[in-house]
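Here are the chains, one letter per residue:
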Amino acid sequence: MSAAGPDTDPLVTVEGIHTYYGKSHILHGVSLNVRRGEVVGLLGRNGVGKSTTLKTIMGLVHPHQGKILLGGTPITGQPAHKLARLGIGYVPEDRRIFRLLTVMENLRTGLDRHGVTAERKQELLDKVFAYFPVLAERRSQPGGTLSGGEQQMLAIARAMMLEPKIILLDEPTEGLMPRMVSQIREIIGALHREGVAILLVEQNVPLTLAASERVYIMEKGAIRHHAAAAELNVNDPVIQQYLGV
Amino acid sequence: MDAVVGFLEAIPWDQIMIQTVNGIVTGMILALVASGLTLIFGIMDVVNFAHGELFMLGAYVGVIVMAATGNFWIALILSTLTVALIGAALQITTLRPLIGRDPLTTILATFGISLVLQNYALWQFGPVARKINEPFTGYFSLFYLDYPWYRLVIAGLSAAIIGAFWLFLKYGTYGIWIRATTQDRVMAQAMGIPVPWVHTAVFAIGAGMAAASGVLFGPLVGVNHAMGLDWVLKAFIVVVVGGMGNLGGSIAASIFISLLEAYASIWVSPAGRVIVSFVVLVLTLLFRPTGLFVPTPK
């Protein structure tokens, strides 16, 4: 399903967006695109605007300039709740689980939509519980009582409830132990096989290069480099220049 | 032994029983008013100074419908729905444009609404108190008193409304939307929940609950343009004591404070008993500012 032609069919197109927080100018003309079913990595040091790029696509902050298109339709300035219904899933950096809601209720925030039949809901739940059996065990437990890794799984599962065309995944492996990291890696692969596009923001360079088809590298609020993931490796001078410490 | 018996006999058990019933009845009405207030605060950080006026407006709509139909229950339902709609309109026109501004602006806005509603009522209905007749006038004997059944019905109905609302919050899809929005507005929006409409709906529900309590309480006191003041003041105390934005805490605090006031009225004048609630408020703010009925924050 992910075999869309490499240069056709852009799902999300970002064209020259400038985003501000109050008076500070965070994004200076970011342009990128993600094709249907494609996994795209977005790398860069802390504070270069990766998360802000995701928030801008999600409609949580609105750009002062530039355009965002979803499947060719302009979505710039639309509120986040409309974009979620149009097929953009968001897994934020700090996970933002509804801590007092149970695991099941967390999932229902995305699942209880108009036009989703009871059977379809059950299918979606069965699917995420197959991916994340631990969530099925803890379905009646408040989200806040889950471990960090479990919360990350819940955040991804919750976004999957929207049946998104693309998931914006912000540092999913941050602070997780290695076993959890490889589980997240597997889930990215599984979503990819299902044809869900992913825009992946990560600090973990090897994981990003392994999971993505293309990567963008950001610095100071702008895209500085763009390459196929296969052309880069961890010791590449480009990686060293923009990400080395 | 004689001393113990003498002490027990000195306690006015009959009065304590009567005041317990009184306290619970007032507490349930107060809980109905305060739930709306605390919910509105919890979800949109708006301190609604117009809440007492929605209560008053509910009572007046009740008076009007009673005059037209003569049926208390129709008055209760119509008043709840009408004031809920008015609440939704007020939220859309005055509070929604203020989202993202200084919280002070919402205080001024709701305070302004309260003045407008109060003076509208004074202009429209005049200063003389109106009466809502209770739907039935049976009494039962409680010690030396003939206690009106209607008061128990008020307590029962308030409890039923709060209970139904709790079930809705707990199990309903929209209830989950409301709780999710209360916890994390931004993430709720990213999950496709139409947050602006959730705000409007919550304000409407809060207004409707205030109106229902206004109609239920109408028969016990006269309906006049200033009747909301007392209630909103008490409701604010309860909301703070119960923990701002905490529904269960507000309900517990309503009953707790109403019982305390009722017991106090055995020994002090009815006017003096209000002091009790303020003492509780001050002690809460001093020693447990997050609220009396919430788990200690970690």
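Above this text is the structure in question.
What counts and what doesn't
Residues numbered from 1 in each chain as written. Chains lettered and ligands numbered in written order. Predicted model: local features only at pLDDT ≥ 70, side-chain atom pairs only at ≥ 80, totals over all residues. Helix = DSSP H or I, 4+ residues; strand = E, 2+ residues; numbered from the N terminus. Contact = placed C-beta atoms within 7 Å. Buried ≥ 20, exposed ≤ 12 C-beta atoms within 10 Å, placed from the backbone. Nonpolar A, V, L, I, M, F, W, Y, C, P; charged D, E, K, R; others polar. Pairing = 2+ DSSP bridges. Core = buried A, V, L, I, M, F, W, Y, C linked by C-beta atoms within 7 Å.

Caption draft 1: Representation of the overall build of chain A in the model. Assigned secondary structure in chain A consists of nine helices and ten strands. A sequence separation of at least 24 residues applies to 69% of the contacts in chain A between residues at least 6 apart.

Caption draft 2: Here's a closer look at the overall build of chain B. Helix and strand counts for chain B stand at twelve helices and two strands. Ordered by position in the sequence, the α and β elements of chain B form the string α-α-α-α-α-β-β-α-α-α-α-α-α-α. Structurally, chain B occupies a C-alpha span of about 70 × 55 × 35 Å along its principal axes. Residues counted as buried form 47% of the 298 residues belonging to chain B. By sequence separation, contacts in chain B at least 24 residues apart represent 76% of the contacts at least 6 residues apart.

Caption draft 3: How the structure looks around the interface of chain B and chain A. Each partner contributes to the interface: chain B provides 16 residues, whereas chain A provides 22 residues. Listed by contribution, the elements that provide at least two residues to the side of chain B that touches chain A are helix H7 (173-183) and helix H8 (185-190) of chain B. By residue class, the composition of the side of chain B that touches chain A is ten nonpolar, four polar and two charged.

Caption draft 4: Spotlight on unusual backbone geometry. Residues and elements named next belong to chain A. Notably, Arg-96 is not glycine yet its phi reads approximately 50 degrees, a positive angle. What makes Arg-96 buried here is the crowd of 20 C-beta atoms within 10 Å. Positive phi, close to 45 degrees, is recorded for Glu-171, a residue that is not glycine. Note on Glu-171: 21 C-beta atoms within 10 Å, which makes it buried.

Caption draft 5: Quick peek at the pairing of strand S2 (residues 24-35) of chain A. Residue and element names in this part refer to chain A. Sheet topology note: the strand S1 (residues 10-21)/S2 ladder contains nine bridges and is antiparallel. Looking across to S2, one finds that His-18 is bridged to His-28. Hairpin remark: S1 followed by S2, antiparallel, with two residues in the connecting loop; positive phi at Gly-22, about 60 degrees.

Caption draft 6: Inspection of the nonpolar core at higher detail. Counting residues in hydrophobic clusters, the biggest one holds 155 residues, and the most contacted among them are A:Ile166, A:Leu168 and A:Ile198. Here this core gets 15 residues from one element, more than from any other, and that element is helix H9 (residues 195-217) of chain B. Beyond its immediate sequence surroundings of up to four residues, A:Leu168 is in contact with A:Leu54, A:Ile57, A:Met58, A:Ile88, A:Gly89, A:Tyr90, A:Val91 and A:Leu199.

Caption draft 7: Looking closely at the environment of A:Val215. All names here are of chain A. With respect to the secondary-structure elements, Val-215 resides in strand S9 (residues 214-219). On the basis of neighbour counts, which here come to 26 C-beta atoms within 10 Å, the residue Val-215 falls in the buried class. Considered as a pair, Val-215 and Arg-120 are 95 residues apart in the sequence and their alpha carbons are 34 Å apart. Discounting residues that sit within four places of it in the chain, Val-215 has contacts with Gly-41, Leu-43, Thr-208, Leu-209, Ala-227, Ala-229 and Leu-232.

Caption draft 8: Seen up close, the sheet that holds S1(A). Pairing is antiparallel in the open sheet, where four strands are placed in the order S2-S1-S4-S5 (chain A). Unpaired on one side and paired on the other, S2 and strand S5 (73-74) of chain A mark the two borders of the sheet.

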